[in-house]
Amino acid sequence: MEEASRPPHHIAIIMDGNGRWATARGLPRLLGHQAGAQAVRRIVEAACELGVKALTLYAFSWENWDRPPDEIQDLMGLLDEFVRRETHTLLANQVRLRAIGRLDQIPAGVLSNLRRVIAQTAQFERMTLTLALSYGGRQEIVDAARRLARAARAGDLTPEQIDEAVFAQHLYAPDLRDPDLLIRTSGEQRLSNFLLWQASYTELYVTSKLWPDFSKGDLVEAITEYERRDRRFGKVGA
Ligand code: IPE
Ligand code: IPE
Ligand code: MG
């Protein structure tokens with residue numbers, strides 16, 4: 001059974017509102033995504049300083065592949081730039097980089113860079129930064145079901161052996177703890193297919209701030225609010 005972690009061990013963020021941030025300024029959406037990338041740098045650093053052990057950022061959803069091709073290209077370009085430019089910061093701060101999602105859809109050049117930095121930082125334990133890329137919660141659950149079906153067909157597993165723990169072992173990052181706190185920026189009150197399995201008892205925090213405006217102070221505010229919550233996990237309260 002789940003246990004509350006205080007301060008939050010794992011924070012997940014749906015980084016939303018880059019487009020609206022740009023549109024409000026009469027700028028093209030690309031500039032909103034650029035400003036969003038700056039916010040990523042800021043918040044990774046802030047999370048590290050605040051002692052957060054795991055940070056998972058929703059950077060590109062499975063459904064985002066349906067956006068116009070030039071916006072997708074811009075986003076992949078920014079991802080590549082982020083990985084290249086932040087490598088030294090990740091190394092210096094002992095941050096382990098990971099990625100979850102259907103990564104085989106990512107352009108080959110971007111993916112090979114990403115995999116290189118993932119390998120370079122694999123031994124670090126100060127904080128784990130997981131990028132959800134080409135990620136969908138339902139797709140993750142389907143992919144787990146496929147792996148379980150293959151294992152059963154191979155005779156490595158019986159249907160009766162499948163329980164929550166065994167199922168969870170077949171998700172993209174089985175060793176990552178469930179998020180304690182899930183933040184969504186820009187006011188939208190939905191999960192948009194993010195961490196559907198893992199967020200079953202996660203505390204939700206929605207702020208109207210657009211992602212490019214999200215600051216360390218806003219992160220502290222979300223954590224403070226989280227610490228006031230009574231996480232009951234279906235039990236009777238304290
Ligand atoms: C979030 O900002 C970034 C991604 C989804 C990649 P959006 O691009 O969704 O910004 P809005 O929601 O249009 O403002
Ligand atoms: C969720 O934002 C995905 C990411 C932040 C990467 P969207 O902007 O794609 O979500 P919807 O379309 O508003 O639900
Ligand atoms: Mg959006």
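Structure first, text after, so check above.
Residues numbered from 1 in each chain as written. Chains lettered and ligands numbered in written order. Predicted model: local features only at pLDDT ≥ 70, side-chain atom pairs only at ≥ 80, totals over all residues. Heavy atoms only, no water.

Peer 1: Help me understand the overall build of the protein, please; the structure alone is not making it clear to me.
Peer 2: Secondary structure assignment for the protein yields 7 helices and 6 strands. The linear arrangement of helices and strands in the protein, starting from the amino end, is β-α-α-β-α-β-α-β-α-α-β-β-α. Against the globule reference of 18 Å for 238 residues, the protein gives a C-alpha radius of gyration of 18 Å, in line with a compact fold. Considering only C-alpha atoms, the protein reaches an extent of 55 × 50 × 35 Å along its principal axes. Counting only residues that meet the buried cut, the protein has 49% of its 238 residues in that class. (Helix = DSSP H or I, 4+ residues; strand = E, 2+ residues; numbered from the N terminus. Rg over C-alpha atoms; globule rule 2.2 N^0.38 Å. Buried < 20%, exposed > 50% of the residue type's maximum accessible area, 1.4 Å probe, protein only.)

Peer 1: Explain the site of ligand 1 to me, please; I cannot follow it from the model alone.
Peer 2: Taken together, Met15, Asp16, Gly17, Asn18, Gly19, Arg20, Arg29, His33, Ala59, Asn64, Arg67 and Leu75 form the complete shell of residues around ligand 1. Within the backbone of Arg20, a nitrogen or oxygen atom sits 2.7 Å from an oxygen atom of ligand 1. A distance of 2.9 Å separates an oxygen atom of ligand 1 from a polar atom in the side chain of Arg29. In isolation ligand 1 has 380 Å² of accessible area, and contact with the protein removes 86% of it. Those elements that place two or more of their residues in the shell around ligand 1 are helix H1 (18-24) and helix H2 (29-49). Looking at the shell around ligand 1, the element that brings in the most residues is H1, giving 3 residues. The residue inventory of the shell around ligand 1, partitioned by class, reads 3 nonpolar, 5 polar and 4 charged. (Near = heavy atom within 4 Å. Polar contact = N/O pair within 3.5 Å; in protein donor to acceptor, adjacent residues only side chain to side chain. Areas by Shrake-Rupley, 256 points an atom, 1.4 Å probe, with all protein chains shown as cover. Nonpolar A, V, L, I, M, F, W, Y, C, P; charged D, E, K, R; others polar.)

Peer 1: How do you make sense of the environment of Leu133 when you look at a structure like this?
Peer 2: By the element assignment, Leu133 lies in strand E4 (residues 127-135). The class for Leu133 is buried, based on a relative accessible area of 2%. Expressed as a C-alpha distance, the spacing of Leu133 and Ala99, which sit 34 residues apart in the sequence, is 6.7 Å. When neighbours within four sequence positions are excluded, Leu133 is seen to be in contact with Ala59, Phe60, Leu79, Ala99, Ile100, Gly101, Arg102, Leu103, Ile106 and Leu114. (Contact = heavy atoms within 4.5 Å.)

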